[in-house]
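Read off the chains here:
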There are 2 protein chains.
Amino acid sequence: MLLPLTSNIIIGCLFTTLVAAGKPGKYKRVSDPEGQFYRLGGCPDPHACIIPPDLSTFLPGALLDLRVELHAYDTNTSNPVPEPYKNFKTTIRKDNGKWIDIEKFFELEDSSPPAIEHWNFSWVNTIDVKYADVFDTSDKPVDVAVSSRIWRKLKFDKPGTYDVSVQYGPKNAYTVRYTVVKPKKPKKKAKNAILFIADGCNVGMIAAVRAITKKHTSGKYHEMLSFEDFDQLGHVMTQSVDSLVTDSANSASAYSTGHKSSSAALGVYADSSESPFDDPKVELITELIRRRQPKKAIGVVSTAAGHDATPAAFYVHTRDRDTSAEIIDQIINGVQNWTDPVAPDVWLGGGAQYFQGEESLNGQNYLEELKKNGYQIVMNKKELKKYHGNDKLLGTFRTSHLDTWIDRNMFVNNTIGNGAAPDLSGNDALGSDQPGLTDMTLKALEVLKKRGGDNGFFLMAEAASVDKQLHGLDFPRAFADLIEMEITIKKTVEWLKKNDEYEDTLILFTADHAHGFDVYGSVDQSYITKHASSDDRKRSAVGLYQDSGWPSYDDKDGDGFPDDWTPNIVLAAGTNNGPDHFEAWKLAHNGPRKAAVANDHDIYIGNVEDPAGHYGDGIKWNGNLPVTESVDSHTMTDVFIYANGPGSDFFRKTIDNWQVFFGITEALDLQRSRE
Amino acid sequence: MLLPLTSNIIIGCLFTTLVAAGKPGKYKRVSDPEGQFYRLGGCPDPHACIIPPDLSTFLPGALLDLRVELHAYDTNTSNPVPEPYKNFKTTIRKDNGKWIDIEKFFELEDSSPPAIEHWNFSWVNTIDVKYADVFDTSDKPVDVAVSSRIWRKLKFDKPGTYDVSVQYGPKNAYTVRYTVVKPKKPKKKAKNAILFIADGCNVGMIAAVRAITKKHTSGKYHEMLSFEDFDQLGHVMTQSVDSLVTDSANSASAYSTGHKSSSAALGVYADSSESPFDDPKVELITELIRRRQPKKAIGVVSTAAGHDATPAAFYVHTRDRDTSAEIIDQIINGVQNWTDPVAPDVWLGGGAQYFQGEESLNGQNYLEELKKNGYQIVMNKKELKKYHGNDKLLGTFRTSHLDTWIDRNMFVNNTIGNGAAPDLSGNDALGSDQPGLTDMTLKALEVLKKRGGDNGFFLMAEAASVDKQLHGLDFPRAFADLIEMEITIKKTVEWLKKNDEYEDTLILFTADHAHGFDVYGSVDQSYITKHASSDDRKRSAVGLYQDSGWPSYDDKDGDGFPDDWTPNIVLAAGTNNGPDHFEAWKLAHNGPRKAAVANDHDIYIGNVEDPAGHYGDGIKWNGNLPVTESVDSHTMTDVFIYANGPGSDFFRKTIDNWQVFFGITEALDLQRSRE
């Protein structure tokens, strides 16, 4: 018996931006219902939306909110906005059976429909006449009057096919179909699951890092990367509800919930209302663990700020990944009238500025809150290494994102003077003592094993700067952070074997989306510099095919990283999109590369002071994105997934990103309810 | 007992160009033996080469030539060229046993070493001071005096480790190690094997074609591509003996022989001599079939000229893929003093100008020769469809490469007036009646089944224009030819099931290398045209993330191809390298796109008349290759391999391209000799 809730608690945040790496704006994009573009994820009907959308798939017993929206509008914007719909009815049927009022079907305490919510919004194209659609009959935004009902915290108890229908107006109806799967009992249950995510990493990056780190004889490598002997290799499709190309929020959310979503959304499907906190939620794998295997330990590790999209997908619900302060709040407070907060046993990452001080939600001191909730707090690598306790562990090691492996290890000065200190003291020594992904992951494993015991653990560990440095076209930094991930996986396998957990652990290594990255030859750095004065001639520094040879990286000290990141012959690598910039494939010594800068008209142009591609050396690369874009953009190609251990069979072909959730929940035996 | 041959027959051809898509030149590239670059594939020693190189792997009984080269030179080019080495000795040992003279070890009839061959050549960098190397101490080429011996048609009879050593000078020796594998008996023998190659296709192309052809609801596809339910999905590494990035010759050759090679080489390892026909050969899978399962039928199908690199890899040995006339000659004449010619049971493709007339080898009429050898000849789609005989079948349907699917089906006029007629008559009606990949493959299956009977068949079928059109940045044409491949695979599976061959057939679908292709959003074609006058504004025609939506292709007629190739919303797609060009993502109606043209200085610049990216519409894209490059270049990322049927287990992780040969030979039970 569930209580329908007509509104969720709003945690007092302005609606800032819905867009991860794109354009900000309070208007959502709208497209032709007759064509390939939908106005919202899952609104092919011209006036009705049911969210979750058509073809959604659920586990029996998993929680969801269900929202119906009706849109009244007139595309002739000279006319007044029509009255919102007042009468509509939502019914549901199971396995083509009898249609039943939704309240009755779910045996809700309150058998009358929830109150109708109203709001208005304007659907416009942020880029004037872009895309032909019904709203594009004039240059003016089309005002839409919305009527909506939401049913919260529902669940489907039994497997089957469910149709949900909204009847509006005398003849209009819109219906969606859901599938509730039969819970699967794993052939062999995985006690633990570890999900490694190299954010933004495509197959091209794997090949590049292999060429940089592995010795070869006549083109044959002496060894493969650590994860390449995993039991299975598959592909994951990454497109989202309403677009070809996903951002990290909605892709990580698909892994976490079993539901594709929209850009910037975490643990929710997007609705058209203004608040980012009232969108219909779906249950997270971590919430399911807390309900069904409450003694299992949960860890979230990232080299990004811990409120960044990928880690946040494993403990929050918000329409807007940029509501950072609220995301940190949800670590221990969760969302009211939903389930208990996830409160991970281990949470390690950056983002320290949201735990206290002026950027913290309502100025609260979350460090004190966390301590009251049984957490131990660590703020640097030294403290992290020293911790061997049994308590929950929260480590925040820097404001914003942790520095890259190259800056932490090759150019330590770059980690100083950035206001990085996680206690907000400005103490450079503290801010500079950051752990890396390997440090954090191994500590997480130690704590999770202690806390989970025989009940095991679930850990998500992210190499975030692979994505961030690919955005910035800083290829050496992206390579190094991927190498750090590769070594982390290797050491994780060693740890699991040593701790007798290897046979019981499902290990996944995947990405959440790609960049259009590949290697097309090699570059002679002395040549490009020598011929810098000739735009034509310096392009001959690039060697192709039989002239590509091999890069001259070497790893004499055996730490897995090249000893010298500035050899003369480096990879001629690049992405297939980006802003105007200059490319010379040099290593930026003073911190991550800034390839493009805004001019006085807010147009991004090549940065003539970019040390990695200074105009004096660099080959000019004209941008092929809107001129307002400062960085390279994600791409749609499938990403790899390497899988090892119990349950890995699930991951051997091409699957969709939402299916990853079902693969992990099957392996962990989370699909079968004991309620 | 084998006869050592000190020289192979030279088929009288000038050494024209070694380079597939790169720079022509008679000089081979040279690099620092101290560094990462080798002078030839497998020459890490400063003065000695043993070819096949270190770490080569063989099947017991597979044929090979073994060449030793000694290089005398002085990097001070003011000095005269030193005398060539006169005394050197080549020995071999098995499993760390006793060193034995090579002639004695192989029990050669002639127990004395083969006569020493001498030649001189110059090692220079074609691009002046590019790459630091020992030969780069002056701007002059370094002359090298070579002494060489070659032992032909050897074979290792037994599994084990073999070391081959050349002793030269008083103290110098160079040794390589080979592995001869233990032949594997397949768990379940495959009667047939079909190797589908989409040339140049990366994972990004798979995702793009899925988005173009498959319907979806809220980002979930209604169905997958035909090969995506194959038993296994793996990756293949494509780097070659001496470079990061392969061309199609040496990658197809790896599939065909089990040996990586050098750019442009087919069925041989590259030596330093001038002739492209004396390089040390390795045995082709098709030759092995002819020797070990002589009743098995062999088919080679391509939408390219049939002498093009990928199809030729399955029946020829040449250092130079551009020796087209000699390649056609080898169809039925093979290489003297080697094995019998492959003489495929089915050979279908273009390249008609080399079968008769002035471009044919020595002006021979190969069509007559083929008829004498029992071939039926067909020259157009009509004849192909009509053929239902039992004889060998050779179809040559066009001079040069077949036209693309788009030109054959959407713009038939483009197939007219090109001197395409395969009888060299200039008859446009004949030249225009070309079959497609599906037609050719299904006919090949029919003939191969008849000819192979219970002994089965081996078929290689290539979608060549995926690569050719990606080189030309003509994305719609590349998509359409990949869709044709997808449909061909679907219909092949249907044919196999109908003909009761499905359970006995190993089907592989792979590429030979990648292009740096991906999709990063969508493009509004009316917008880009409307704002063509503003270089900045037209870039806003590109929609990213939540603005990318979906392309507006539709397939109402259900033939698997979009009905309209010019919808308003298309994929914002691109490669990560290329020449200067203009990109507007338009479809070129008058034939494949020509994105760049040479100026008076032989520098390739954007083609202002390129209909697909006319400057008036197009976004300017500066090249990032040497300015002498007219097209985009291959990339190094791993390619996919989908595998189905008996033996498919071999292909489920990341393997190296040479291992594909071992996977197929294991499945077909070709590894175990019955000699």
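Residues numbered from 1 in each chain as written. Chains lettered and ligands numbered in written order. Predicted model: local features only at pLDDT ≥ 70, side-chain atom pairs only at ≥ 80, totals over all residues. Heavy atoms only, no water.

1. So, the interface of chain B and chain A
Argument step 1. Listed as interface residues are 116 residues of chain B and, on the opposing side, 117 residues of chain A.
Argument step 2. Between chain B and chain A, the buried area comes to about 9,800 Å², and carbon and sulfur atoms account for 54% of it.
Argument step 3. Of all residues in chain B, the largest losses of buried area upon contact with chain A belong to Lys220, Arg539 and Tyr545 of chain B, amounting jointly to 9% of the total for that side.
Argument step 4. Counting across the chain B and chain A interface gives four salt bridges.
Argument step 5. Measuring nitrogen to oxygen at the nearest pair gives 2.6 Å for the salt bridge that ties Asp638 of chain A to Arg210 of chain B.
Argument step 6. With six residues, strand 21 (residues 517-524) of chain B is the single largest residue contributor to the side of chain B that touches chain A. (Contact = heavy atoms within 4.5 Å. Buried area = accessible area lost by both parts, 1.4 Å probe. Salt bridge = Lys/Arg side-chain N within 4 Å of Asp/Glu carboxyl O. Helix = DSSP H or I, 4+ residues; strand = E, 2+ residues; numbered from the N terminus.)

2. Quick look at the UniProt feature "binding site: Mg(2+)" (unreviewed entry) in chain A
All names here are of chain A.
Argument step 1. Within this structure's numbering, the places UniProt gives as "binding site: Mg(2+)" (unreviewed entry) are Asp199, Asp308, Thr310 and Glu462. Across 264 residues of sequence, these annotated residues stay compact in space, with a maximum C-alpha separation of 11.4 Å.
Argument step 2. If you trace the backbone, Asp199 turns up in the loop between strand 10 (192-198) and helix 2 (203-213).
Argument step 3. Once residues lying within four places of it in the same chain are set aside, the contact partners of Asp199 are Ser248, Thr310, Glu462, Ala463, Ala464, Val466, Asp467, Asp512 and His513. (UniProt positions renumbered as here; feature names shortened; annotations may be inferred.)

3. Points about the pattern of salt bridges
Argument step 1. Taken as a whole and assessed by the stated rule, the structure comprises 86 salt bridges over all chains.
Argument step 2. Taking the shortest distance from any N to any O, the salt bridge between Asp163 of chain A and Arg93 of chain A comes out at 2.7 Å. One end of the pair, Asp163 of chain A, is in strand 8 (residues 160-168); the other, Arg93 of chain A, is in strand 4 (residues 88-94), and 70 residues separate them in sequence. With respect to class, Asp163 of chain A is no different from Arg93 of chain A; both count as buried.
Argument step 3. Ionic pairing is found between Asp617 of chain B and Lys586 of chain B, a salt bridge with its closest N-O pair at 3.7 Å. Residue Asp617 of chain B is located in the loop between strand 26 (604-606) and strand 27 (619-621), and its partner Lys586 of chain B is located in the loop between strand 24 (581-583) and strand 25 (596-598); the two are separated by 31 residues in the primary sequence. Side by side, Asp617 of chain B and Lys586 of chain B carry an identical accessibility label, which is buried.
Argument step 4. Where salt bridges share partners, they join Arg67, Glu117, Asp271 and Asp278 of chain A into one cluster. (Buried < 20%, exposed > 50% of the residue type's maximum accessible area, 1.4 Å probe, protein only.)

4. Here's the deal with the relation of the copies chain B and chain A
One chain copy maps onto the other through a rotation about an axis and a shift parallel to that axis.
Argument step 1. By a simple turn and slide, chain B fits onto chain A: the slide is 0.0 Å along the axis, the RMSD is 0.1 Å, and the turn is 180 degrees. The transformation relating the two chain copies, once decomposed into turn and shift, fits a two-fold axis. No C-alpha of chain B lies nearer the rotation axis than that of Asn576 of chain B, which sits 2.0 Å from it. (Least-squares fit on C-alpha atoms with pLDDT ≥ 70 in both.)

5. A closer look at the pairing of strand 3 (residues 63-73) of chain B
All names here are of chain B.
Argument step 1. Summarising burial for strand 3: eleven of the eleven residues are buried, a large majority.
Argument step 2. Residues of strand 3 alternate between two faces, with Leu63, Asp65, Arg67, Glu69, His71 and Tyr73 on one and Leu64, Leu66, Val68, Leu70 and Ala72 on the opposite face, all of them buried.
Argument step 3. With ten bridges connecting them, strand 3 and strand 7 (residues 142-155) associate as antiparallel partners. Its bridge partner lying in strand 7, Leu70 is registered against Ser147. (Pairing = 2+ DSSP bridges.)

6. Notes on the packing of aromatic side chains
Residues and elements named next belong to chain A.
Argument step 1. Enumeration over the complete set of coordinates arrives at 49 aromatic pairs over all chains.
Argument step 2. Seen from their ring centres, Phe475 and Phe517 are 5.6 Å apart, and the 50 degrees between their planes marks the pair as tilted. One end of the pair, Phe475, is in helix 13 (residues 475-498); the other, Phe517, is in strand 21 (residues 517-524), and 42 residues separate them in sequence.
Argument step 3. Taking relative accessible area as the criterion, Phe517 reaches 2% and is therefore assigned buried.
Argument step 4. Note on Phe509 and Tyr642: the rings are 6.0 Å apart at their centroids and 15 degrees apart in plane angle, and the pair reads as stacked. With a gap of 133 residues between them, Phe509 in strand 19 (residues 505-510) and Tyr642 in strand 29 (residues 639-644) connect regions that are remote in the sequence.
Argument step 5. Taking relative accessible area as the criterion, Tyr642 reaches 2% and is therefore assigned buried. (Phe/Tyr/Trp six-rings, centres within 6.5 Å; stacked < 30°, edge-to-face > 60°.)

7. Quick notes on the state of the cysteines
Argument step 1. Counted under the stated rule, the structure contains zero disulfides over all chains.
Argument step 2. In this model Cys201 of chain A remains outside any disulfide bridge; the closest cysteine sulfur is found in Cys201 of chain B, 20 Å from its own.
Argument step 3. Assessed through its relative accessible area of 0%, Cys201 of chain A is described here as buried. (Disulfide = S-S within 2.5 Å.)

8. Some remarks on the domain arrangement of chain A
Residues and elements named next belong to chain A.
Argument step 1. Assigned domains of chain A: these are domain 1 (48-180), domain 2 (192-200 + 232-513 + 639-667) and domain 3 (517-621).
Argument step 2. Between the C-alpha centres of domain 2 and domain 3 the distance comes to 31 Å.
Argument step 3. Summed over both partners, the interface of domain 2 with domain 3 comes to about 1,700 Å²; 74% of that surface belongs to carbon and sulfur atoms.
Argument step 4. By the criterion of area lost to domain 3, the three top residues of domain 2 are Leu473, Phe475 and Phe479, representing 31% of everything that side buries.
Argument step 5. The interface formed by domain 2 and domain 3 includes zero salt bridges. (Domains from an automatic or database assignment.)

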